[in-house]
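Each chain, written out:
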Amino acid sequence: MKESPDPRPNLIGLSRPQLVAAMAEIGEKPFRAKQIWHWLYHRGESDFAAMSSISKTMQATLAEHFVVRRPQVERALLSSDTTRKWLLRFEDGQEAETVYIPDGDEERGAACVSTQVGCTLTCRFCHTGTQLLVRNLTAAEIVGQVMVARDTLGEWPTPDDVGRKLSNVVVMGMGEPLYNFENVATALEIVMDGEGIGISRRRITLSTSGVVPMMRECGARLGVNLAVSLHAVTDELRDRLMPINKKYPLKELIQACRDYPGASNARRITFEYILLKGVNDSPADARALLALIKGLPAKFNLIPFNPWPGSDFETPEVRSVKAFSDILQDAGYSAPIRLPRGRDILAACGQLRSESQREKASRAKARAESGLEDPC
């Protein structure tokens with residue numbers, strides 16, 4: 001028999017005001033919320049009985065009314081290049097993937113978090129886009145991904161900035177974050193809180209495919225670094241690769257980038273550009289890209305296409321990628337070529353996709369053919 005979901009509210013994912021309100025509902029004053037916040041996000045504690053600065057009576061009261069719940073790690077994979085990927089299961093049985101990407105020296109790295117189960121955008125080069133949108137992730141499920149990464153890296157209590165392995169967060173996993181902005185914003189405000197997880201907004205990058213109406217609000221409320229998934233320099237090509245361009249064409253998208261609060265030479269907008277062999281990787285494309293973003297405080301993140309099962313595209317030749325990068329760098333822009341990380345576990349850019357539903361269907365079919373019944 002399947003167990004019924006726990007009816008007690010999860011304290012993970014509540015904003016500070018929401019946590020204060022939750023404590024008020026059980027007759028506690030605001031200071032209690034501050035205590036619990038410290039235990040949740042600085043110490044990483046999930047057991048009320050281990051919160052030693054809180055009386056045993058209060059520990060019991062908290063346990064009666066609330067839970068502290070992370071996403072469940074359904075599967076953990078470690079790449080040959082030390083990239084990690086987790087398939088995480090949520091309380092309703094839905095799943096999404098999270099990746100930890102170490103820097104070159106492997107002393108520090110970034111958690112790449114997902115914001116939706118599946119995606120609504122169907123970008124042709126992206127594996128996630130082949131999985132239809134199921135639902136948005138909650139603030140608890142988003143911040144919980146960072147906490148799972150911290151669990152694995154053994155980084156509780158929160159280390160100082162010097163000793164921290166998980167130094168950055170990139171909101172570049174499954175889903176379009178600006179189509180789930182309120183939950184994403186609440187989660188990132190928790191991640192940025194100096195009395196908790198404490199990752200600076202300057203170390204957080206949010207990537208959008210170009211949801212123009214939400215870009216200014218994102219910059220004004222969160223002030224995080226902005227990355228824009230561009231991948232084409234004409235509306236004709238971008239319409240084919242990224243259907244969202246039909247709604248928010250390049251002219252509107254580039255203007256929204258110019259209007260992004262806080263963008264400056266010190267905080268440049270990153271344009272992500274997946275290079276597809278024979279599609280968008282020519283010297284002419286590189287020169288057109290320079291003309292498109294002229295005058296913007298910008299840098300580029302060049303990503304040779306990472307193959308995935310069933311994709312129609314190919315990875316460009318190394319010399320083509322280098323020539324593209326050289327044109328941008330000769331014009332004075334930073335244009336590093338992102339080395340693929342985690343390809344062997346499908347953890348590289350554009351490769352994330354929860355296979356769980358397909359696997360479940362295969363198992364169910366096998367059980368049916370063998371005459372076995374599904375467990376209830």
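Now for a look at the structure at hand. Small disclaimer: the values here were computed from a predicted structure and weren't measured.

What counts, and where the lines are drawn
Residues numbered from 1 in each chain as written. Predicted model: local features only at pLDDT ≥ 70, side-chain atom pairs only at ≥ 80, totals over all residues. Heavy atoms only, no water. Helix = DSSP H or I, 4+ residues; strand = E, 2+ residues; numbered from the N terminus. Buried < 20%, exposed > 50% of the residue type's maximum accessible area, 1.4 Å probe, protein only. Contact = heavy atoms within 4.5 Å. Areas by Shrake-Rupley, 256 points an atom, 1.4 Å probe, with all protein chains shown as cover. Phe/Tyr/Trp six-rings, centres within 6.5 Å; stacked < 30°, edge-to-face > 60°. Arc of directions from axis to C-beta. Pairing = 2+ DSSP bridges. Right-handed = clockwise from strand over helix to strand, strands pointing away. Core = buried A, V, L, I, M, F, W, Y, C linked by side-chain atoms within 4.5 Å. Axes fitted to C-alpha atoms, helices over the stretch in contact; angles between N-to-C directions. Parallel < 35°, antiparallel > 145°, perpendicular 65-115°, else oblique. Left-handed = near helix turned anticlockwise from the far one by under 90°. Nonpolar A, V, L, I, M, F, W, Y, C, P; charged D, E, K, R; others polar. Salt bridge = Lys/Arg side-chain N within 4 Å of Asp/Glu carboxyl O.

A closer look at the overall build of the chain
Each helix and strand in the chain was counted, giving eleven helices and eleven strands. Within the chain, the fraction of its 376 residues that count as buried is 51%. Residue pairs at least 24 apart in sequence account for 66% of intrachain contacts in the chain once pairs closer than 6 positions are excluded. Accessible surface computed for the chain: about 17,100 Å², of which carbon and sulfur atoms make up 51%.

Considerations on the packing of aromatic side chains
This structure, assessed with the given rule, holds five aromatic pairs. On the basis of an interplanar angle of 65° and a centroid distance of 4.8 Å, the ring pair of W37 and Y41 is categorised as edge-to-face. Taken as a pair, W37 and Y41 lie in helix α2 (residues 30-42) at a separation of four residues, close to a single helical turn. Each of the two residues, W37 as well as Y41, counts as buried. When the ring of F300 is compared with that of Y333, the centres are 5.5 Å apart and the planes differ by 70°; the resulting orientation is edge-to-face. One end of the pair, F300, is in strand β11 (residues 298-304); the other, Y333, is in the loop between α10 (318-330) and α11 (356-370), and 33 residues separate them in sequence. F300 gets classed as buried once you look at its relative accessible area, which sits at 2%.

Observations regarding helix α1 (residues 16-25)
All of the buried residues along α1 are L19, A22 and M23. End-on, the buried residues of α1 take up no more than an arc of 95°, which puts them together on one face. Exposed and facing more than 90 degrees away from the buried side of α1 are P17 and E25. Looking at the packing, one finds that the buried side of α1 touches α2 and α3 (56-65).

As for the pairing of strand β7 (residues 166-171)
Counted residue by residue, β7 has five buried out of six residues, so it is predominantly covered. Sheet topology note: the β7/strand β8 (residues 204-208) ladder contains three bridges and is parallel. Looking at the pairing, V170 lines up with T205 of β8. With respect to chirality, the unit in which β7 leads through helix α5 (residues 181-192) into the neighbouring parallel β8 is right-handed.

Concerning the nonpolar core
Counting 105 residues, the largest nonpolar core has M23, F125 and F271 as its most contacted members. Here this core takes nine residues from helix α4 (residues 139-153), the largest share from any one element. Residues in contact with M23, not counting those within four places in the same chain, are L11, E28, K29, R32, A33, I36, L62 and F66.

Thoughts on the packing of helix α9 (residues 283-292) against α10
Contact geometry of α9 with α10 gives a least axis separation of 9 Å together with a crossing angle of 30°. The angle between the axes of α9 and α10 places the two elements in the roughly parallel class. As for the relative orientation of α9 and α10, their crossing is right-handed in sense. Facing P283, D285, A286, R287, L289 and L290 of α9, the residues of α10 in contact are F324, I327 and L328. Tallied by class, residues from the contact of α9 with α10 come to seven nonpolar, no polar and two charged.

Observations regarding the sheet that holds β11
If you walk across this open sheet you meet the nine strands as β1-β2-β3-β4-β7-β8-β9-β10-β11, and the pairing is mixed. Unpaired on one side and paired on the other, β1 (72-78) and β11 mark the two borders of the sheet. Averaged over all pairs of adjacent strands, the angle between their axes in this sheet comes to 25°, without regard to strand direction.

Let's talk about the pattern of salt bridges
A full pass over the atoms with the stated rule returns 19 salt bridges. In this structure, D92 and R135 form a salt bridge, with 2.8 Å as the shortest nitrogen-oxygen distance. One end of the pair, D92, is in the loop between β2 (84-89) and β3 (95-102); the other, R135, is in strand β6 (residues 135-136), with 43 residues separating them in the sequence. Given a relative accessible area of 48%, D92 falls into the partly exposed group. Through salt bridges with shared partners, one network takes in R16, D193 and E195.

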